[in-house]
Amino acid sequence: MRSRWIVAVVVVAAAAGAVVAFWPDSASAVDPEIAVSRSACGTGWSDPKPGPQTFRLHNTGSVTAEVDLIDPATDVIYGEVEGLGPATTRPLQVNLGNGSYAFRCLPEDASAIVGPAVQVSGGAERTGPGVAPVTHNDLLGPLKAYQQHVTTGLGELVANTGALKNAVHGGDRAASEAAWLTAHLTYERLGAAYDAFGDSDGALNGTTDGLPNGTSDPGFTGFHRLEQGLWHNEDLAALGAVADQLDTDARALQTSFAKSQVDGNDLGLRAHEIMENTLQFELTGRTDYGSGTNLATARANLDGTRAVLDVLRPLLAPRYPDLSKVDSWLTRTQTTLDAAHRPDGTWTPLAQLPQKERQKLNADVSELTELLAPIAAIAEPRRVS
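All residue numbers refer to positions counted from 1 along the written sequence of the respective chain. Only residues with pLDDT of at least 70 are given local features in this predicted model, and only at 80 or more are side-chain atom pairs given and counted; all residues enter the totals for whole chains, interfaces and linings. Only heavy atoms go into the side-chain values, all of them from the structure, while hydrogens and water stay out.

### What to know about the overall build of the protein
Scanning the protein from N- to C-terminus turns up ten helices and nine strands. Along the three orthogonal principal directions, the C-alpha set of the protein runs to about 80 × 45 × 40 Å. Here's how the labels work: a residue is buried when its accessible area is under 20% of the maximum for its type, exposed when over 50%, partly exposed in between, all with a 1.4 Å probe on protein chains only. In the protein, which comprises 385 residues, the proportion classed as buried is 51%. At a minimum sequence separation of 6, the contacts of the protein that also span at least 24 residues come to 73%. Per-residue and other accessible areas were derived by the Shrake-Rupley procedure at a 1.4 Å probe size, with only the shown protein chains allowed to occlude residues. Accessible surface, the protein: about 16,600 Å² in total, of which carbon and sulfur atoms supply 50%. In this charge count, Lys and Arg are treated as positive and Asp and Glu as negative; neither His nor the chain ends contribute. Charge positions come from single atoms, namely NZ of Lys, CZ of Arg, CG of Asp or CD of Glu. Of note, the protein has its 29 positive side-chain charges centred 3 Å away from the centre of its 46 negative side-chain charges. Helix and strand definitions here come from DSSP, where helices need a minimum of 4 consecutive H or I residues and strands a minimum of 2 consecutive E residues; each element is numbered from the N-terminal end. Contact between two residues is taken to exist if any of their heavy atoms lie within 4.5 Å; hydrogens are not considered.

If you want it as structure tokens, here you go:
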């Protein structure tokens, strides 16, 4: 069973009414028990009242179900419990304002059932921490647009890995390092699609994590293997094979991606995870194998986040009141990162960033990551029928 807030801002909207949150804690025996099954939903709510209260959702059926608390007139969702198993009871703790509510039950392999509408009055006015559901049909346009974005990016990637391969075989280390950064940043801008890339991501952008022989392990391939060699003065002739394999893997990804697609369940999640990974890997230096370009990668990750938000914006604009804050913190973080881009085109290595600036960058990315977190829940496709 997974229960969660629909949007993170629900907590701060408590005074406005509606559902604040729900937790899988034990409920009191005096709390109303709401029946959930294929044939009935929402019965048992006989004493509607405003304010804090707990419902015990009891699945009397034989299949697992999702349960939403909604406005029956608009389908706006104020809370949900997923994976409520048969003969299972789970609490739903809420804080209700004035308005009409109903439970919607979505049993597996069965149509949705909306229970009786209940009118709550005498409490706070309800002013909207709920969110209108996003359906699979709603995501068709954003997914198509993002698929084209990634397809175009993979074309650029293949062109850039080809140029990198030629530079390595040409024996020019400076040109090879410049070509490596161009190609690597092109790949990092495609962050939201990495689950669709499957094993190709490990081949192209894997690190030494889990490899018994570290940088000498034959399983260490791709951008970071080439980075290790270029910035540690390995023989360029020997690195030719690494560059060749990188280019081959990039072309294989371009071919395989044309036959696949980004999962609608993943698109909103990536908006948050790209920057979360930036905090975990780039701003700690864990992925630096000698080039000192973590901040350039973080900047590319920011572009990748913007690409996801661009296609999701029509769905998010009416659903996420903090979207303007997201935009503000994107701009703020971009300004902070761009300050590390030197006039000669190089980037300040993370280790050379003054402590005060590094703290500011960590704070900016952390705040941005927090603001992006609700998008995963808001943009998750949901059944409504």
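Next comes the rest of the write-up.
### Observations concerning the packing of helix α1 (residues 140–169) against helix α6 (residues 236–257)
Note on geometry: axes are lines fitted to C-alpha atoms, helical ones only across the stretch in contact, with angles between N-to-C directions running from 0 to 180 degrees. Here α1 crosses α6 at 165 degrees, and the two axes come no closer than 9 Å. Considering the angle they form, α1 stands roughly antiparallel to α6. Our pair here, α1 against α6, has a crossing hand that is left-handed. Here the contact of α1 with α6 is composed, by residue class, of 13 nonpolar, eight polar and four charged. Angles below 35 degrees are treated as roughly parallel, those above 145 as roughly antiparallel, those between 65 and 115 as roughly perpendicular, and all remaining angles as oblique. Each crossing is labelled by how the near helix is turned from the far one, with a counterclockwise turn of less than a right angle marking it left-handed and a clockwise turn marking it right-handed. Gly counts as polar in this scheme, as do all residues outside two lists: the nonpolar Ala, Val, Leu, Ile, Met, Phe, Trp, Tyr, Cys and Pro, and the charged Asp, Glu, Lys and Arg.

### What to know about the pattern of salt bridges
Salt-bridge detection follows one rule: a side-chain nitrogen of Lys or Arg within 4 Å of a carboxyl oxygen of Asp or Glu. Per the counting criterion, the structure on display carries 17 salt bridges. Its salt-bridge partner being Asp75, residue Arg104 comes within 3.1 Å of it at the nearest N-O pair. Residue Arg104 is located in strand β7 (residues 99–107), and its partner Asp75 is located in the loop between β4 (65–70) and β5 (77–84); the two are separated by 29 residues in the primary sequence. In this structure, the salt-bridge partner of Asp322 is Lys325, at a minimum N-O distance of 3.8 Å.

### Details of the state of the cysteines
Here is the idea: a disulfide is a covalent bond, and it sits between the sulfur atoms of two cysteines. Note that a disulfide, as used here, is simply two cysteine sulfur atoms within 2.5 Å. Counted according to the given criterion, the structure contains one disulfide. Here Cys41 is linked by a disulfide to Cys105, with a sulfur-sulfur distance of 2.0 Å. Because the torsion about its S-S bond is 80 degrees, the bridge between Cys41 and Cys105 counts as right-handed. Residue Cys41 is located in the loop between β2 (33–36) and β3 (51–59), and its partner Cys105 is located in strand β7; the two are separated by 64 residues in the primary sequence. A relative accessible area of 3% means that Cys41 is categorised as buried. For Cys105, a relative accessible area of 0% gives the class buried.

### Digging into the side chain of Ser291
Note on placement: Ser291 falls in the loop between α7 (264–282) and α8 (294–316). Polar contact is defined as a pair of N or O atoms within 3.5 Å, subject to the rule that within protein one atom must be able to donate a hydrogen and the other to accept it, and that residues adjacent in sequence are counted only when both atoms are side-chain atoms. Separated by 2.7 Å, the side chains of Ser291 and Thr293 make a polar contact. Residue contacts for Ser291: discarding those within four places in its chain leaves Trp180, Glu227 and Trp231.

### Some thoughts on the layout of surface pockets
With a 1 Å grid laid over protein atoms only, a set of points is called a cavity when a 1.4 Å probe fits there but cannot get out and a pocket when it is open yet has protein on both sides within 12 Å along at least five of seven lines; lining residues have an atom within 4 Å of a point. Grid points are joined across faces, edges and corners, and a volume is the space filled by probe spheres set on the points. Computed from the structure, the largest pocket encloses a volume of approximately 490 Å³. Every residue lining the largest pocket is counted, 22 residues in all, and those nearest its centre are Glu188, Asp201, Asn205, Asn277 and Phe281. Elements represented by at least two residues in the lining of the largest pocket include exactly α2 (173–188), α3 (194–197), α4 (200–205) and α7. With five residues, the top contributor of residues to the lining of the largest pocket is α7. Grouping the amino acids of the lining of the largest pocket by side-chain chemistry returns seven nonpolar, ten polar and five charged.

### Details of the sheet that holds β3
At least two bridges found by DSSP between two strands is the condition for calling them paired. Strand order in this open sheet of three strands is β2-β3-β6, and the pairing throughout is mixed. Where the open sheet ends on each side, the last strands, each with one partner, are β2 and β6 (89–96). Direction aside, the axes of adjacent strands within the sheet are offset by 30 degrees on average. Of the strand pairs in this sheet, β3 and β6 are connected by eight bridges, and their pairing is antiparallel. Residue pairing across strands places Pro52 opposite Asn95, the latter belonging to β6.

### Re the nonpolar core
For our purposes a nonpolar core is just a set of buried Ala, Val, Leu, Ile, Met, Phe, Trp, Tyr and Cys residues, chained together by side-chain atoms within 4.5 Å. Core analysis: the largest hydrophobic core is formed by 67 residues, its most contacted members being Leu226, Leu295, Leu312 and Val326. Of all the secondary-structure elements, those providing two or more residues to this core are α1, α2, α5 (222–230), α6, α7, α8, α9 (323–338) and α10 (355–378). The dominant element in this core, judged by the number of residues it contributes, is α8, at twelve residues. What Leu312 contacts, discounting residues up to four positions off in sequence, is Leu139, Pro142, Leu267, Gly268, Ile375 and Ala379. Counting 22 residues, the second largest nonpolar core, distinct from the first, contains Val36, Trp45, Val76 and Leu96.

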